[in-house]
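Given next are the chains, with one letter for each unit.
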Amino acid sequence: MKISALHDLYIEQLRELYDAEQQLRKPLAAAAKAAASQELKDALEEHLDQSEAHLVRLKEILESLGEDPAPKKCLGMAGLAAELQEMLEADAAPEVMDVGIIGSLQRIEHYEIAAYGCLSAYARLLGREEDSDILQETLDDEKEADEILTDIADTVNQEAHQGEGAEVDHDEEEEE
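The structure displayed is predicted, hence computed values, not measured ones. (Residues numbered from 1 in each chain as written. Predicted model: local features only at pLDDT ≥ 70, side-chain atom pairs only at ≥ 80, totals over all residues. Heavy atoms only, no water.)

Observations concerning the overall build of the protein chain
Okay, so step 1: Scanning the protein chain for helices and strands turns up five helices and zero strands.
Okay, so step 2: Dimensions of the protein chain, computed from the C-alpha atoms along their principal axes, are close to 70 × 25 × 25 Å.
Okay, so step 3: Expressed as a percentage of its 176 residues, the buried residues of the protein chain come to 43%.
Okay, so step 4: Total accessible area computed for the protein chain in this model is approximately 9,400 Å², and 49% of it derives from carbon and sulfur atoms.
Okay, so step 5: One way to put it: in the protein chain the 14 positive side-chain charges average out to a point 14 Å from where the 46 negative ones average out. (Helix = DSSP H or I, 4+ residues; strand = E, 2+ residues; numbered from the N terminus. Buried < 20%, exposed > 50% of the residue type's maximum accessible area, 1.4 Å probe, protein only. Areas by Shrake-Rupley, 256 points an atom, 1.4 Å probe, with all protein chains shown as cover. Lys, Arg positive; Asp, Glu negative; His and termini not counted. Charge placed at Lys NZ, Arg CZ, Asp CG, Glu CD.)

Describing the pattern of salt bridges
Okay, so step 1: Counting across every chain of the model gives eight salt bridges.
Okay, so step 2: Where Lys72 meets Glu16, a salt bridge forms, and the shortest distance between an N and an O atom there is 2.9 Å. Taken together, the residues Lys72 in the loop between helix H2 (38-64) and helix H3 (75-88) and Glu16 in helix H1 (residues 6-34) connect sequence positions 56 residues apart.
Okay, so step 3: By relative accessible area, Lys72 is classed as partly exposed at 32%.
Okay, so step 4: For Glu16, a relative accessible area of 22% gives the class partly exposed.
Okay, so step 5: Between Arg107 and Glu83 there is a salt bridge whose closest N-O contact spans 3.5 Å. In this pair, Arg107 is assigned in helix H4 (residues 94-125) and Glu83 in helix H3, connecting sequence segments 24 residues apart. (Salt bridge = Lys/Arg side-chain N within 4 Å of Asp/Glu carboxyl O.)

Observations concerning the packing of H1 against H3
Okay, so step 1: Relative to each other, H1 and H3 sit at 15°, their axes nearing to 10 Å. By the criterion of interaxial angle, the relationship of H1 to H3 is roughly parallel. Note on packing geometry: the crossing formed by H1 with H3 is left-handed. For the pair H1 and H3, the contacting residues are Ala20, Gln23, Leu24, Pro27, Ala30, Ala31 and Ala34 in the first and Met77, Ala78, Ala81, Leu84 and Leu88 in the second. (Axes fitted to C-alpha atoms, helices over the stretch in contact; angles between N-to-C directions. Parallel < 35°, antiparallel > 145°, perpendicular 65-115°, else oblique. Left-handed = near helix turned anticlockwise from the far one by under 90°. Contact = heavy atoms within 4.5 Å.)

Regarding the side chain of Glu112
Okay, so step 1: Among the structural elements, Glu112 can be located in helix H4.
Okay, so step 2: For the buried Glu112, which has no salt bridge, the nearest side chain bearing the opposite charge is Arg57, at an N-O separation of 10 Å.
Okay, so step 3: Not counting the four nearest positions on each side in its chain, Glu112 is found in contact with Glu21, Leu24, His47, Met77 and Glu142.

Points about H4
Okay, so step 1: The terminal C-alpha atoms of H4 lie 46 Å apart, and with 32 residues this matches the ideal 46 Å at 1.5 Å per residue to within 8%.
Okay, so step 2: The positive-phi residue at the C-terminal boundary of H4 is Gly127, with phi of around 75°. (Expected span 1.5 Å × (residues − 1).)

Some remarks on the packing of H2 against H4
Okay, so step 1: Direction vectors running N to C along H2 and H4 enclose 25°, while the axes themselves pass 13 Å from each other. By the criterion of interaxial angle, the relationship of H2 to H4 is roughly parallel. Pair H2 / H4 crosses with left-handed handedness. Contacts between H2 and H4 involve Leu40, Leu44, His47, His54 and Leu58 from the former and Asp98, Ile101, Ile102, Leu105, Glu109, Glu112 and Tyr116 from the latter.
Okay, so step 2: Taken together, the residues of the contact of H2 with H4 sort by class into seven nonpolar, two polar and three charged. (Nonpolar A, V, L, I, M, F, W, Y, C, P; charged D, E, K, R; others polar.)

Brief notes about the environment of Gly163
Okay, so step 1: Relative to the helices and strands, Gly163 resides in helix H5 (residues 129-175).
Okay, so step 2: For Gly163, a relative accessible area of 34% gives the class partly exposed.
Okay, so step 3: Taking the C-alpha atoms as reference, Gly163 lies 43 Å from Leu14; in sequence the two are 149 residues apart.

Right under this line is the structure:
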């Protein structure tokens, strides 16, 4: 596709974000299964439901533009999803796995926050206020998900660190 105007870029990036949301379904579901913290599991399952709604919204915007909602490969999300998958395959203690899942997912959320923020701004510039409102709604969902992950991380990070502290103390006793 030739990109000679903001409108072209807008469509291209809508398609990429549509693909990004699709790419996330499997690893997000796998992360929910792998999480040890029930609070984290619940948050991931809720966000998985939200991601389905995000896909519907993106499809509706593309169709309202008269565009086929065929996704365009999102290489950024492919890399982030691969990092999450690598974490899920690691041989990690449950608390450490939760920390790794949260870190991977927050990088994903930040990517999505940037993408939805840009698209909402493009929509406003293009006079597509309804699109902008829809994209802003999804942007708000992504920001909320990031905040929830941060709140959960406050507890999970501490648990993982305390587990390390116990091991360090044990090692120090052996050295004496």
